[in-house]
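Remarks on the overall topology
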Amino acid sequence: MLSVNRISVRRAQEMTLQDISLTLAPCNTLAVVGESGAGKSTLISTILGLVPCASGQVTWQDAPVRQCRPALVMQEPRSAFNPRLSLYHSVSEPLNAVGKEMDQHRLDRLCKRLEIPRDLLWRRPTEVSIGQAQRVGILRALIGEPPLVLFDEPLSALDAVTQKHTARLIADLQSSEGFAALIVTHDLGYAAAFADDIAVLRAGRIEEVTPAQNFVERPQSDYGHQLREAAFTLGALEHVG
Amino acid sequence: MTITALGLSATRSGRTILHPTDVDIKPGERVGLVGASGSGKSTLGHELIDTLRAKGQNVAHVPQSPDEALDPLRSMAFHWKEAVQALGLFPNAARQQALFSALRIEGGNLKKRPWEWSRGMQQRFVIAMALIETPDFLVMDEPTSALDPVVAADTMDLLDRTLAGRSTALLLITHDLGLAARRVNRLLIMDAGRVVEDAPTDQFLAAPQTQAAQALCAHRNWLELPC
């Protein structure tokens with residue numbers, strides 16, 4: 001289980017995260033929603049160990065989280081890759097970092113599930129569509145079989161149909177691969193449809209953590225209410241509620 | 001004034017990215033231009049704007065990225081002044097204040113340059129510039145893509161209030177049919193550089209005809225996805 005235990009993070013004299021506690025069980029999905037500047041990306045960087053905590057700790061199965069080598073899927077699919085390397089090279093990197101060889105059977109299986117033609121991996125990131133690049137980003141995250149995958153706005157660069165298709169691919173892979181997913185997103189519709197729990201982050205603090213189904217019917221916090229109303233106004237939750 | 005343009009088309013590197021297209025929009029009409037990434041929506045928007053401006057029509061444009069509208073070397077105050085002067089108006093502090101507070105950017109420092117504001121604030125500043133007066137035609141290209149959902153919803157509501165009762169025609173360009181369907185009374189669906197459907201919103205949602213349109217309809221809502 002991922003356990004974020006009372007972490008606070010200070011950046012440039014300001015507290016960007018204050019006393020955050022969250023848990024995420026293996027195979028489950030936690031969506032973190034909130035406005036720009038609420039600290040969502042800082043939370044991801046902190047869980048990855050890229051930003052030190054002023055206090056508190058982050059563990060996976062009671063060991064420091066870094067030991068489980070969590071993977072990251074980034075927001076901008078094309079700039080998430082080295083533009084001078086083939087996608088295959090970038091996908092191999094997480095394995096090279098731990099001295100492992102590419103398991104071609106696993107690569108074939110994941111490519112098939114993610115609808116990535118094997119030939120595509122010999123192209124560079126600028127030579128594929130954004131939707132394809134994001135599916136390769138997911139491939140890179142999953143190739144080393146991490147138990148925990150962090151997604152930073154994984155769908156926001158994609159169009160509406162591709163967003164939903166990609167969300168379904170992530171969810172299907174999660175049930176077969178069994179990773180825990182922490183998804184940072186603006187999109188309450190995505191969170192409501194695919195997460196087990198929704199955490200609302202605002203101004204560096206957790207306002208509520210609520211099961212997704214209950215959140216759509218009755219958010220607990222004021223900002224949760226505002227997000228729900230906005231999702232209706234923007235047509236993301238049209239037929240529910 | 002009716003918005004009419006005939007035979008709009010575009011090619012890039014010898015490839016046709018917009019096939020000859022006619023557009024006809026009535027005063028006050030709200031039209032959504034919806035399609036997948038790369039289907040030619042923004043290209044049609046740009047071609048239409050260029051053609052209408054060449055005919056002397058008053059067209060306001062909110063581009064997909066605020067970078068297209070704001071000069072990184074000029075202050076926000078300069079941009080505002082320039083926009084007001086371009087419309088042949090005198091500065092109106094009350095109108096400016098009303099727009100800024102409705103779009104929640106009244107706290108922005110106008111002496112700063114665009115890149116010193118957040119993307120969301122830059123985008124709302126560009127929307128405010130487009131709403132300084134009542135244009136004949138307002139083209140908004142993915143106006144909410146850089147905004148938080150709460151701010152995006154407020155912005156769309158402000159747009160409805162601002163346009164209510166005016167003769168301004170609106171073209172809302174978006175990949176998101178869920179967003180467009182709530183705001184417009186007519187939909188143009190684009191696929192591979194062509195407008196493949198043109199129908200009133202209700203009629204379109206009840207019976208999309210083409211494959212591209214059916215995919216958009218089936219994926220318009222997160223909680224009712226097809227299996």
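Residues numbered from 1 in each chain as written. Chains lettered and ligands numbered in written order. Predicted model: local features only at pLDDT ≥ 70, side-chain atom pairs only at ≥ 80, totals over all residues.

On to the domain arrangement of chain A, then. Residue and element names in this part refer to chain A. Domain annotation of chain A identifies domain 1 (1-70 + 152-236) and domain 2 (77-145). Domain 1 puts ten residues into the contact, and the matching count from domain 2 is ten residues. Among the residues forming the side of domain 1 that touches domain 2, the class breakdown is six nonpolar, two polar and two charged. (Domains from an automatic or database assignment. Contact = placed C-beta atoms within 7 Å. Nonpolar A, V, L, I, M, F, W, Y, C, P; charged D, E, K, R; others polar.)

Residues and elements named next belong to chain B. Residues V59 and H61 point to one face of strand β4 (residues 59-62) and A60 and V62 to the other, with burial holding for every one of them. Pairing geometry for β4 and strand β5 (residues 137-141), over four bridges, is parallel. Across the sheet, the residue bridging to A60 is L138, located in β5. (Buried ≥ 20, exposed ≤ 12 C-beta atoms within 10 Å, placed from the backbone. Helix = DSSP H or I, 4+ residues; strand = E, 2+ residues; numbered from the N terminus. Pairing = 2+ DSSP bridges.)

Further remarks concern the pairing of strand β8 (residues 180-184) of chain A. Residues and elements named next belong to chain A. Taken across its five residues, β8 has five buried, putting it largely inside the fold. Burial along β8 is two-sided: the residues A180, L182 and V184 and A181 and I183 are all buried. Judged from the four bridges that link them, strand β3 (residues 29-33) and β8 form a sheet pairing that is parallel. Note on β8: the bridge partner recorded for L30 is L182. Note: strand β7 (residues 148-152) against β8, five bridges, orientation parallel. Bridge pairing in β8 places F151 opposite I183. Read from β7 through helix α5 (residues 160-177) to β8, the crossover connection turns out right-handed. (Right-handed = clockwise from strand over helix to strand, strands pointing away.)

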